Amino acid sequence: MITRFAPSPTGPLHLGHAYSALLAWDMASKVDGTFMLRIEDIDQGRARPEWENQIYDDLHWLGLSWPEPVLRQSENLNRYFCTLRTLWSYGLLYPCTCTRRDVIAASSAPQEGDAPLHGPDGPVYPGTCRVRAVGPLPQGVALRLDMRAALDAMGDDARLHFTETGDGASREVSISRDHAINAVGDVVLARRDMGTSYHLAVVIDDAAQGITHVTRGADLFDATAIHVILQRLLDLPTPVYHHHRLIRDEDGKRLAKRDDARAVAAYRAAGETPDDLRRRVGLPVSGQELSPPRGS
Ligand code: GLU
Ligand code: ZN
């Protein structure tokens, strides 16, 4: 088993991150597996080296270690670009110049006043810019996946499903063609400002790191359909997914990136121990029954 924790260095790690990381670590430890770390820093406008250093520091303090070198997505941009070129050559991408406002305006039926259907990335794209694109891969523009064309390219025998273990039991989740077209739609695979997207990068890197079990917050459950579709298109294995509950504050609100009061660093500064944090998120305290994952 190879698990991973994949934080974005755009703020301090809080209790929710600690839970996610410890869960991945414990899962690997139980079966003598490997825990991997990946820094998801493609958003260069928001990623900061000081947050990255704080991540290493907090995770070490929590008692975690991982094989080096750590995969940093900002060093992997060429790989994303090559994959985009492949998808482009299959005729599955097209450039999109719509703003978020355009998308909302074009997808709301004015006579009904309905809110547009919400997909994993916000409103499902109404297809305004969809064309069969030719020529070289354009750069400096957002690229969307033509979902219908992608499903056609995979053929009828494309089994779109994944194993979800987040609810304790293990269950199969199937992704229907109808769901892919109408509820996911033509997602952005390369943002204009990044040359890639979270979805593309996460799929390529989970495969590159040989991740067999993805543990992450339940807020990413809906995005998994996109990831599985990309895995089929790119002929990559689909890991087992474990979407865990989100850690909330006393008012039941999700912890925000800037929730400094619940930053791991704040608990450290207040003299709490890693086991105190484990108790706070309801994980077993570092017991003798767990030995460190391999390779760490
Ligand atoms: N980098 C993402 C985040 O910090 C997590 C991505 C994932 O686990 O798939 O929210
Ligand atoms: Zn568009």
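Please refer to the structure placed before this passage.
Predicted, not measured: the structure shown is a model, and the values here were computed from it.

Asks: What should I look at first to understand the environment of Thr212 in this one?
Replies: Summarising the element assignment, Thr212 is placed in the loop between α7 (198-208) and β11 (213-217). Under the relative-accessibility criterion, Thr212 is labelled partly exposed at 30%. On a C-alpha basis, the gap between Thr212 and Pro239 in space is 4.6 Å, while along the polypeptide they are 27 residues apart. The contact partners of Thr212, leaving out residues within four places of it in the chain, are Met1, Ile2, Pro239 and Val240. Within the local environment of Thr212, its side chain forms a polar contact with the backbone nitrogen of Ile2, the two atoms lying 2.8 Å apart. Of the polar contacts made by the side chain of Thr212, one reaches the side chain of His213; its length is 2.8 Å.

Asks: Help me understand the sheet that holds strand β10 (residues 188-190) in this model?
Replies: Note: strands within a sheet are paired through backbone hydrogen bonds, in either parallel or antiparallel orientation. Across the sheet, which stays open at both edges, the three strands sit in the order β4-β7-β10 with antiparallel pairing between neighbours. On the outer flanks of this sheet lie β4 (93-96) and β10, each paired with one strand and no other. Mean inter-strand twist for the sheet, computed between neighbouring axes without regard to direction, equals 45°. Pairing of strand β7 (residues 142-145) with β10, which is carried by two bridges, proceeds in the antiparallel orientation. Its bridge partner being in β10, Arg144 is matched across the sheet by Val188.

Asks: Teacher, can you tell me more about the side chain of Thr215 here?
Replies: Along the chain, Thr215 turns up in strand β11. Overall, the relative accessible area of 2% leaves Thr215 in the buried class. Among residues more than four places away in sequence, those in contact with Thr215 are Arg4, Ser20, Ala24, Met27, His242 and His244.

Calculation rules
- Residues numbered from 1 in each chain as written.
- Chains lettered and ligands numbered in written order.
- Predicted model: local features only at pLDDT ≥ 70, side-chain atom pairs only at ≥ 80, totals over all residues.
- Heavy atoms only, no water.
- Helix = DSSP H or I, 4+ residues; strand = E, 2+ residues; numbered from the N terminus.
- Buried < 20%, exposed > 50% of the residue type's maximum accessible area, 1.4 Å probe, protein only.
- Contact = heavy atoms within 4.5 Å.
- Polar contact = N/O pair within 3.5 Å; in protein donor to acceptor, adjacent residues only side chain to side chain.
- Pairing = 2+ DSSP bridges.
- Axes fitted to C-alpha atoms, helices over the stretch in contact; angles between N-to-C directions.

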